[in-house]
Amino acid sequence: MSIETKSYDNKNRGAFFLENDSEVLWSGNLEFSDGVKHYAKIIKSVGKGNREKLEVCISLGMVYDIPEEEKKDPSKSPDIAGRVKYGKETFKFGSWKKQAESGLDYLSVSLNEVQENDEAPF
């Protein structure tokens, strides 16, 4: 008996889930040894075993909630979009609000590399 295994290419893709118990405590700039400044935040949330945790999170860029009336094609256009930078590469960030069969709400995320002369905002 053979077991069929599916493989997925998750490069430049992801999923985000609602975070209900979190709070930004501090925000500011970090400069690493390469001289590049990064905007960062310390976020308090609840982890495994109901234990409080603090995380240092570095911003990749600004994204925006896109109103329905501004979407080119509401059935295909992202709900949240913007440009983000990771290392030396810039990406178009797009995310769509979804619901799993279990009823769990999540964001399906896609990243597309920005090409030279690409003037589109998202």
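The shown structure was predicted, so the numbers you read here are calculated from the model rather than taken from an experiment. (Residues numbered from 1 in each chain as written. Predicted model: local features only at pLDDT ≥ 70, side-chain atom pairs only at ≥ 80, totals over all residues. Heavy atoms only, no water.)

Glancing now at the side chain of Ser-95. Mapped onto the elements of the fold, Ser-95 is located in strand 7 (residues 89-99). Among the residues examined, Ser-95 registers a relative accessible area of 0% and is labelled buried. The contact partners of Ser-95, leaving out residues within four places of it in the chain, are Pro-78, Asp-79, Ile-80, Leu-107, Ser-108 and Val-109. (Helix = DSSP H or I, 4+ residues; strand = E, 2+ residues; numbered from the N terminus. Buried < 20%, exposed > 50% of the residue type's maximum accessible area, 1.4 Å probe, protein only. Contact = heavy atoms within 4.5 Å.)

The next subject is unusual backbone geometry. One non-glycine residue, Asn-12, lies in the positive phi region at around 60°. Mapped onto the fold, Asn-12 is located in the segment before strand 1 (13-17). Look at Asn-50: it is not a glycine, yet its phi comes out positive at around 60°. As for its placement among the helices and strands, Asn-50 is situated in the loop between strand 3 (37-46) and strand 4 (52-58).

Per the stated rule, a full pass over the model turns up five salt bridges. Here Lys-53 and Glu-55 are joined by a salt bridge, their closest N and O atoms 3.8 Å apart. The residue Lys-71 makes a salt bridge to Glu-68 at a minimum N-O spacing of 2.8 Å. One connected set of salt bridges, linked through shared partners, spans Glu-23, Lys-44 and Glu-52. (Salt bridge = Lys/Arg side-chain N within 4 Å of Asp/Glu carboxyl O.)

Let's shift gears to the pairing of strand 8 (residues 105-113). Bridge count between strand 1 and strand 8: five bridges; the pairing is antiparallel. In the strand pairing of strand 8, Arg-13 is matched with Ser-110. Note: strand 7 against strand 8, nine bridges, orientation antiparallel. Along strand 8, the bridge assignment pairs Gln-99 with Asp-105. The antiparallel hairpin formed by strand 7 and strand 8 contains five residues in its connecting segment, where Gly-103 sits at a positive phi of about 95°. (Pairing = 2+ DSSP bridges.)

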